[in-house]
Amino acid sequence: MLTTVHIIGILLTVGVLLAVSVLSGRKVKDAKSFTTGGKAGSWMVCGAILGTLVGGQSTIGTAQLAFAYGLSAWWFTIGAALGALVLGVVYAGPLRRSGCSTLMEVVRKQYGRRAETVGSILFLVGIFISITSQLLSSSAMITSLFGIHLGVALAIGAVLIAALVFFGGIRSAGAGGIVKLVLLYVSSLAAGIAVWRLGSGLDGIRDSISAVYSNEQLASMNGIAGAEDIHRRYGTFMARGPLKDLGGCLSLTLGVVCTQTYAQAIWSAATTRKARRGAVYCAALIPLIGAACTMVGMYMRGHYVTTAEAAALQKAGESLPAGIGVLENSLQAFPTFILAHLPSWLGGIALGALLINILGCGSGLVLGAATILTRDVYGNLMTVLHRTPRLGQLAQTRLSIVMLLLAGVVAAHFVRGSFINDLGFLSLGLRAAALLLPLSFALWLPGRFNPRAITISMITGTLVMLVAGIVGLPADPMYYGLTASAVVLLPTIKRT
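Since we're looking at a predicted model, the values are computed, not measured.

What counts and how
- Residues numbered from 1 in each chain as written.
- Predicted model: local features only at pLDDT ≥ 70, side-chain atom pairs only at ≥ 80, totals over all residues.
- Heavy atoms only, no water.
- Helix = DSSP H or I, 4+ residues; strand = E, 2+ residues; numbered from the N terminus.
- Buried < 20%, exposed > 50% of the residue type's maximum accessible area, 1.4 Å probe, protein only.
- Contact = heavy atoms within 4.5 Å.
- Areas by Shrake-Rupley, 256 points an atom, 1.4 Å probe, with all protein chains shown as cover.
- Core = buried A, V, L, I, M, F, W, Y, C linked by side-chain atoms within 4.5 Å.
- Phe/Tyr/Trp six-rings, centres within 6.5 Å; stacked < 30°, edge-to-face > 60°.
- Patch = residues over 30% accessible without salt bridge, like charges linked within 9 Å, V, L, I, M, F, W, Y side chains within 5 Å.
- Salt bridge = Lys/Arg side-chain N within 4 Å of Asp/Glu carboxyl O.
- pLDDT = per-residue confidence, 0-100.
- Expected span 1.5 Å × (residues − 1).
- Axes fitted to C-alpha atoms, helices over the stretch in contact; angles between N-to-C directions.
- Parallel < 35°, antiparallel > 145°, perpendicular 65-115°, else oblique.
- Left-handed = near helix turned anticlockwise from the far one by under 90°.

S.K.: Looking at this structure, I do not really get the overall build of the protein chain. What am I missing?
M.R.: Assigned secondary structure in the protein chain consists of 22 helices and two strands. Put simply, the protein chain has 496 residues, and 55% of those count as buried. Considering only intrachain contacts with a sequence separation of at least 6, the fraction spanning at least 24 residues in the protein chain is 82%. Accessible surface, the protein chain as shown: approximately 20600 Å² in total, 66% of it carbon and sulfur.

In structure tokens:
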């Protein structure tokens, strides 16, 4: 399925994006010139947020979830859009007036260094989950393109992400980020239009799904007993239940507010008005990408089965329905559609933009996690022990990158059957459970809470959310984590 035209398109797209990113990155002399330089316009703010918010989870992950649950997969990008809107409209002004340049600095300013350190460590957990999901996304791309084993694809994805970090990373800010996002946006919409034409609209897509599930063995494997189940699964926005789907959306919304990368884009704006406008632009653009990827996933469900489903049919003595293809797993739904159903030249551009976006998001996450691990965990530990680190800071960071990617490959192998978007919901929800209340109270109710209570609430909220996710309690785990944090914190509020 991969043709020479595809390969040329991928290489040209990746080469152009790298060149534009490097050239535009020369204007950024240091981190401060981006975070507090105050020169970014509205579209630069929009590009900076979209560059890391729209990655493998919003594209490959959304198509994967739509393959299994239809329209409800759209909640991921709806939640991301609402998060950008809340960040711009509600938090942009207070964050810019705080005089800080990082979210943890806002926390430290009110509650001390201990709260900052604990918050950084808890953040590391959430970021690591996102790293794992980006590795799964990159492996889906690689296996779709070259047909290699998942374990090998995970290793290749880790090596490519590490190479981008050591190369300097693919920054979401600047002209490089804008070009990347334009290509990704155009590619996603082109895929959505192609689906609409190939599937004869939403009704035609639903008919093809119904035809696939006319096979009783296949329907039984997916818990579908009739036409009503098919409609409930693929034709409604609450296929997994209101508490689950709306909870995931809320996790995205609040998690975006509590993520340094997106707040950094707000601080980079020339004025508060431009910061708000950029976030609103972002909120308007994201849902269209989600809608296109949702349609792709539903179309692929009506025309493909997974290898596990095909093996089960064969074991039962049944053959595949006529005209049905086979995917190694549902992760491959989006890249396989691009390869099979878009013109080769457009498919090559789409695959190149998608691949570099996934790897760029992964490299940014890994670099941020390595910085936290080196500075806030290892550095503070050495300070407490009154010891001098044996390795320099650069060597520590590089070693942390390698350790994080190795751990990410192992974790991705164990959760390879999970939905990428569920990992995204968990990652963003953990950030909200740890930071939303401390950050909000620091901005709007300064001096009303004891630093010790703030630190305990961070730990409690994160642990309760993790336990809720592991045990599998009903509804989204974020509900439990945020409630636990509030129960610990609110009784300690000072009246004056």
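S.K.: Looking at this structure, I do not really get the nonpolar core. What am I missing?
M.R.: Nonpolar side chains in soluble globular proteins tend to end up buried together. Among the nonpolar cores identified, the biggest contains 145 residues, and Ile-60, Leu-95, Met-300, Phe-334 and Leu-435 are the most heavily contacted of them. The element that contributes the greatest number of residues to this core is helix H20 (residues 420-444), accounting for 15 residues.

S.K.: Help me understand the packing of aromatic side chains in this model?
M.R.: Note on aromatic pairs: each is described by the distance of the centres and the angle between the planes. Here the structure, examined in full by the defined rule, presents eight aromatic pairs. Centroid distance Tyr-69 to Phe-419: 5.9 Å. Interplanar angle 70°. Geometry classified as edge-to-face. Here Phe-419 lies in the loop between helix H19 (393-414) and H20 and Tyr-69 lies in helix H4 (residues 57-69), a separation of 350 residues in the sequence. Under the relative-accessibility criterion, Tyr-69 is labelled partly exposed at 21%. Each ring, one from Tyr-213 and one from Tyr-234, has its centre 6.0 Å from the other, and the planes form 40°; the classification is tilted.

S.K.: What's the story with a nonpolar patch on the surface in this structure? I'm lost.
M.R.: Nonpolar side chains collect at one region of the surface, where Leu-82, Leu-85, Val-89, Val-90, Val-280 and Trp-444 lie side by side and expose about 470 Å² of accessible area between them. Ranked by the residues each element gives to the nonpolar patch, the list is headed by helix H5 (residues 75-97), at four residues. Of note, Val-89 is situated in helix H5. With relative accessibility at 47%, the residue Val-89 sits in the partly exposed group.

S.K.: Explain the confidence of the model for the protein chain to me, please; I cannot follow it from the model alone.
M.R.: Should pLDDT be low for a region, the predicted coordinates there are not to be read in detail. For the protein chain, the mean per-residue pLDDT works out to 84, and 89% of the residues sit at or above 70. Averaged pLDDT values over the elements of the protein chain bottom out at 42 in helix H2 (residues 31-35) and peak at 94 in H5. Confidence drops under a pLDDT of 50 for residues 28-37, and excluding neighbours within four residues, the segment shows 12 contacts in the predicted structure. For residues 169-174, every residue scores under 50 in pLDDT, and the model assigns this stretch 19 contacts once sequence neighbours within four places are set aside.

S.K.: Please clarify how the environment of Ala-40 should be interpreted in this entry.
M.R.: Position of Ala-40 among the secondary structure elements: in the loop between H2 and helix H3 (42-53). Residue Ala-40 is classed as buried on the basis of its relative accessible area of 14%.

S.K.: Hey, could you run me through the pattern of salt bridges in this one?
M.R.: Side chains bearing opposite charge may pair, as long as their charged atoms lie close to each other. Within the structure shown, the criterion is met by seven salt bridges. Where Glu-228 meets Arg-232, a salt bridge forms, and the shortest distance between an N and an O atom there is 3.4 Å. In this pair, Glu-228 and Arg-232 are both assigned in helix H12 (residues 227-234), four residues apart and thus about one turn of the helix distant. The class of Glu-228 is exposed, set by a relative accessible area of 59%. Each member of the salt-bridge network shares a partner with another, and the members are Arg-108, Arg-113 and Glu-116.

S.K.: For this particular structure, what's the right way to read helix H22 (residues 477-489)?
M.R.: Residues spaced three or four apart along an α-helix face the same direction, because each turn holds 3.6 residues. In this model, H22 (13 residues) spans 19 Å end to end at C-alpha, consistent with the 18 Å of a helix rising 1.5 Å per residue. For H22, the full list of buried residues reads Pro-477, Met-478, Gly-481, Leu-482, Ala-484, Ser-485, Ala-486 and Leu-489. Here the buried face of H22 lies against helix H13 (242-257), H20 and helix H21 (451-471).

S.K.: It is not clear to me how unusual backbone geometry should be interpreted in this structure. Could you clarify?
M.R.: Excluding glycine, most residues fall at negative phi; most peptide bonds, likewise, are trans. Even without a glycine there, the phi angle at Ser-200 is positive, about 60°. Relative to the helices and strands, Ser-200 resides in the loop between helix H9 (174-198) and helix H10 (201-212). Notably, Ala-475 is not glycine yet its phi reads approximately 75°, a positive angle.

S.K.: How should the packing of H20 against H22 be read in this particular structure?
M.R.: Geometry of a packed helix pair, given as the angle between the helix axes and the separation of the axes. Where H20 meets H22, the axes come as close as 8 Å, and the angle between the chain directions of the two elements is 30°. Judged by the angle between their axes, H20 and H22 are roughly parallel. Considering only the axes of H20 and H22, their crossing is right-handed. Taken together, the residues of H22 that come into contact with H20 (itself represented by Gly-429, Ala-432, Ala-433, Leu-436, Leu-437 and Phe-441) are Met-478, Gly-481, Leu-482, Ser-485, Ala-486 and Leu-489.

S.K.: What's the story with the side chain of Gln-134 in this structure? I'm lost.
M.R.: Of note, Gln-134 is situated in helix H7 (residues 113-146). Residue Gln-134 is classed as buried on the basis of its relative accessible area of 4%. Not counting residues up to four positions away in its chain, the partners in contact with Gln-134 are Gly-56, Gln-57, Ile-358, Cys-361, Gly-362 and Leu-365.

S.K.: Quick question: what am I supposed to make of the environment of Ala-370 here?
M.R.: Positionally, Ala-370 belongs in helix H18 (residues 344-384). A relative accessible area of 0% means that Ala-370 is categorised as buried. Sequence-wise, Ala-370 and Arg-398 are 28 residues apart; in three dimensions their C-alpha atoms are separated by 7.8 Å.

S.K.: What exactly am I supposed to notice about the packing of H3 against helix H15 (residues 272-301) here?
M.R.: The N-to-C vectors of H3 and H15 enclose an angle of 45°; their axes lie 7 Å apart at closest approach. If you check the angle between H3 and H15, you find them oblique. Crossing hand, H3 versus H15: right-handed. Of H15, the residues touching H3 (which contributes Ser-42, Trp-43, Val-45, Cys-46, Ile-49, Leu-50 and Leu-53) are Lys-274, Ala-275, Arg-277, Gly-278, Ala-279, Tyr-281, Cys-282, Leu-285 and Ile-286.

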